[in-house]
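# Observations on chain architecture
The residues making up each chain are set out below.
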Amino acid sequence: MRYGHTSIVNFLSRLVMSLSGFVATIVLTRTLGQNQYGTYVVVLSVLAWVAMVGKLGLPQAIRKRVSEPNEGNYVVSGAIAQFGLYVVVAVFLWLARPYLNEFMGLEATWVLIAMLATQLGLIFVQSVLDGQHLVHVSSILTPVEWTGRSLVQVGLVLSGFGIAGAFAGYVIGAIVATVIGLYFITVPATYPSRGDFSRLKTYAQFSWLGSIKGRTFMSMDTLILAVFVSNSFIAVYEIAWNLASLFAIFGASISQTLFPEMSKISSESGSDAEIVELLRMSLAYSGLFIIPGLVGSALVGDVVLTIYGSGFSVGYYLLLVLTFARLLYGYMEQFLNTIDAIDRPDLTFYINAIFVAVNTVLNVVLTWRFGWYGAAVATTVSAGLGLVLGYYYASQVIDVVVPLGEVAKQCSAAGIMAAVVLVGRVLLGDTLPIVIVLVGIGATIYFSVLFVLSRQFRRTVRENLPFTLPVVAPE
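Below or above, wherever it landed, is the structure these notes cover. (Residues numbered from 1 in each chain as written. Predicted model: local features only at pLDDT ≥ 70, side-chain atom pairs only at ≥ 80, totals over all residues. Heavy atoms only, no water.)

## What about the overall build of the protein chain?
Scanning the protein chain for helices and strands turns up 17 helices and zero strands. Buried residues in the protein chain amount to 55% of all 475 residues. For the protein chain, long-range pairs separated by at least 24 residues make up 81% of all intrachain contacts whose partners lie at least 6 apart in sequence. Accessible surface, the protein chain as shown: approximately 19,600 Å² in total, 70% of it carbon and sulfur. (Helix = DSSP H or I, 4+ residues; strand = E, 2+ residues; numbered from the N terminus. Buried < 20%, exposed > 50% of the residue type's maximum accessible area, 1.4 Å probe, protein only. Contact = heavy atoms within 4.5 Å. Areas by Shrake-Rupley, 256 points an atom, 1.4 Å probe, with all protein chains shown as cover.)

## Considerations on the packing of helix 2 (residues 58-67) against helix 3 (residues 74-95)
Running from amino to carboxyl end, helix 2 crosses helix 3 at an angle of 175°, the nearest separation of the two axes being 10 Å. By the criterion of interaxial angle, the relationship of helix 2 to helix 3 is roughly antiparallel. Contact residues: helix 2 offers Leu-58, Ile-62, Arg-65 and Val-66, while helix 3 offers Tyr-74, Gly-78, Ala-81, Gln-82 and Leu-85. Among the residues forming the contact of helix 2 with helix 3, the class breakdown is six nonpolar, two polar and one charged. (Axes fitted to C-alpha atoms, helices over the stretch in contact; angles between N-to-C directions. Parallel < 35°, antiparallel > 145°, perpendicular 65-115°, else oblique. Nonpolar A, V, L, I, M, F, W, Y, C, P; charged D, E, K, R; others polar.)

## Focus on helix 2
With ten of ten residues buried, helix 2 is to be regarded as a mostly interior element. Listed in full, the buried residues belonging to helix 2 are Leu-58, Pro-59, Gln-60, Ala-61, Ile-62, Arg-63, Lys-64, Arg-65, Val-66 and Ser-67.

## Brief notes about a nonpolar patch on the surface
Nonpolar side chains collect at one region of the surface, where Ile-172, Val-176, Ile-180, Tyr-183 and Phe-184 lie side by side and expose about 480 Å² of accessible area between them. Tracing the chain through its elements places Tyr-183 in helix 6 (residues 135-184). By relative accessible area, which is 68% here, Tyr-183 ends up exposed. (Patch = residues over 30% accessible without salt bridge, like charges linked within 9 Å, V, L, I, M, F, W, Y side chains within 5 Å. Salt bridge = Lys/Arg side-chain N within 4 Å of Asp/Glu carboxyl O.)

## Quick word on empty space enclosed by the protein
Per the counting criterion, the structure on display carries two cavities of 30 Å³ or more. What the second largest cavity holds in volume is close to 50 Å³. For the second largest cavity, the full set of lining residues is Ala-284, Tyr-285, Leu-288, Glu-406, Gln-410, Leu-450, Ser-454, Gln-456 and Phe-457. Broken down by secondary-structure element, the contributors of at least two residues to the lining of the second largest cavity are helix 10 (273-286), helix 15 (404-428) and helix 17 (455-463). (1 Å grid on protein atoms, 1.4 Å probe; cavity = no way out; pocket = protein on both sides within 12 Å on 5 of 7 lines; lining within 4 Å. Points joined across faces, edges and corners; volume = space filled by probe spheres on them.)

## A short note on helix 13 (residues 345-370)
Because the α-helix completes a turn every 3.6 residues, residues three or four places apart line up on one side. For helix 13, with 26 residues, the first-to-last C-alpha span of 35 Å sits near the 38 Å given by 1.5 Å per residue. If you check which residues of helix 13 are buried, you get Pro-345, Leu-347, Thr-348, Ile-351, Asn-352, Phe-355, Val-356, Asn-359, Asn-363, Leu-366 and Thr-367. Just beyond helix 13, the residue with positive phi is Gly-371, at close to 70°. (Expected span 1.5 Å × (residues − 1).)

## Focus: the packing of helix 12 (residues 316-341) against helix 13
Their axes nearest at 8 Å, the elements helix 12 and helix 13 cross at an angle of 150°. Here helix 12 lies roughly antiparallel to helix 13, going by the angle between them. Seen from above, helix 12 lies across helix 13 with left-handed handedness. The residues of helix 13 that touch helix 12, namely those facing Tyr-329, Met-332, Leu-336, Ile-339 and Asp-340, are Pro-345, Leu-347, Thr-348, Ile-351, Asn-352 and Phe-355. Taken together, the residues that form the contact of helix 12 with helix 13 break down as eight nonpolar, two polar and one charged. (Left-handed = near helix turned anticlockwise from the far one by under 90°.)

## Structural notes on the environment of Tyr-350
Looking at where Tyr-350 falls in the secondary structure, it is placed in helix 13. Linking Tyr-350 and Leu-389, residues 39 residues apart in sequence, is a C-alpha distance of 9.3 Å.

## A few points about the nonpolar core
With 103 residues, the main nonpolar core has Tyr-40, Leu-93, Leu-112, Leu-116 and Tyr-237 as its most contacted residues. Those residues in contact with Leu-112 that sit more than four places away from it in its chain are Val-43, Val-46, Leu-47, Val-50, Leu-93 and Leu-100. (Core = buried A, V, L, I, M, F, W, Y, C linked by side-chain atoms within 4.5 Å.)

## Quick look at the pattern of salt bridges
All chains considered together, the criterion is met by five salt bridges. Of the charged contacts in the structure, one is a salt bridge between Glu-145 and Arg-149, with a shortest N-O distance of 2.9 Å. One end of the pair, Glu-145, and the other, Arg-149, are both in helix 6, four residues apart, so they sit about a helical turn from each other. For Arg-149, a relative accessible area of 7% gives the class buried. Its salt-bridge partner being Asp-302, residue Arg-425 comes within 3.1 Å of it at the nearest N-O pair. With Arg-425 in helix 15 and Asp-302 in helix 11 (residues 290-304), this pair connects stretches of sequence that are 123 residues apart. With a relative accessible area of 18%, Arg-425 lands in the buried category.

## Structural notes on the environment of Leu-422
For Leu-422, the location among the structural elements is in helix 15. C-alpha separation for the pair Leu-422 and Leu-438, spaced 16 residues apart in sequence, amounts to 9.0 Å.

## Examining the packing of aromatic side chains
Inspection of every chain in the model, using the stated rule, returns ten aromatic pairs. Here Phe-335 and Tyr-391 contribute two aromatic rings whose centre-to-centre distance is 5.8 Å and whose plane-to-plane angle is 75°, an arrangement assigned as edge-to-face. Of the two residues, Phe-335 is situated in helix 12 and Tyr-391 in helix 14 (residues 372-397); the sequence distance between them amounts to 56 residues. Taking 5.0 Å as the distance between ring centres and 85° as the angle between the ring planes, the aromatic pair formed by Tyr-392 and Tyr-393 counts as edge-to-face. The class of Tyr-392 is partly exposed, set by a relative accessible area of 45%. Under the relative-accessibility criterion, Tyr-393 is labelled buried at 16%. Ring pairing ties together the aromatic residues Phe-289, Tyr-446, Phe-447 and Phe-457, which thus form one cluster. In this arrangement the basic side chain of Arg-97 is found over the ring face of Trp-94, its NZ or CZ atom lying 4.1 Å from the centre. Above the face of the Trp-146 ring, Arg-149 is positioned so that its terminal group lies 4.6 Å from the ring centre. (Phe/Tyr/Trp six-rings, centres within 6.5 Å; stacked < 30°, edge-to-face > 60°. Lys NZ or Arg CZ within 6 Å of the ring centre and 35° of its normal.)

The following block contains the structure:
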């Protein structure tokens, strides 16, 4: 894989981030309790939606324009635009604080405003770095943020600061990562022109709905659940969602890595051949981890959830549905990522509009009728529809090649893994230590079998390892 090293750095960074967050979440759920942790989740969900309004498509526009080989100071113009949006949103938050505090169940609007500033700052820095083809640097900032956040949260919560310690960790982690990222940014020596702001606006006016689409997928269900169920149930739902998202990090790494490269190819040559191949590769590897993750969740997910506390095992079926939703969404994102990279945000705008509308309506109706299972199904159906639309519209602008053979090999390797893990659970029992060992064995079997089955996977591994592997007989 040509861009494998960057993808691997990105993936490992996200993995470190997820593991640090995993440990911190265990401490938070066991120390704060389900109800208080649920309140923390609700505040973060509100923050996510507020941050989406505070971006309005700017990060995507900055990433796209900075990645293009043209003159213009999109770093400074983007920073000015982002600061202006933040000020407007912060004022509205302060004016709406009585209603926000009541919804969140906590006097936390001022905390929300501080968290918004640090979050938007970090997102801006990462967008610029991605556009300047420094994805490997941008990738490291996320685990720095999460690790810093986790360390501070664990220390403060265990010291008795409660939910305030959790919020403080969030702010400090983002500040540390932002400061580090700023060191690597190259700022053009020219002054930003009116044309720079205009080109940012031209792209952002279509890409802003992409932010809503992503946020709708990530937390619309949580906001709707906050209306119908208690915060303790939301805590269980969020844990299931976090585990499902853990399996999807490799697909997200591929999208982040390939976007600036696709954008540059499209701007310089206008040739579709290399873009078609990059899309095919991204589809081939999008399910590399989440396919076995879905199978593994079905086999041992009920036991893994008990790590967070005995009350979290009820989220087993939620975990399965949400992991499948993440699988569909991951493939959808590869199509939309490609469409955006070739400068057709108008098409992704249409897809995102349908996605947001369907997701919102289904979440309200199904959550009201079926509770958290309804929310999970709404998320899954929306992801499936988005995948179909993404494939259709990508096919209208380039020749899409879907690597069904590679996906089938991943499914076959996951099936063999499942047989071994199932036998192991039956013979050895299902205590948590045994299940953790079985997870490690299953992962080893999956990648070993896939290495034998897939010539493409073997080639990718060899090209991205610092040492030479023995040659396996051809298929």
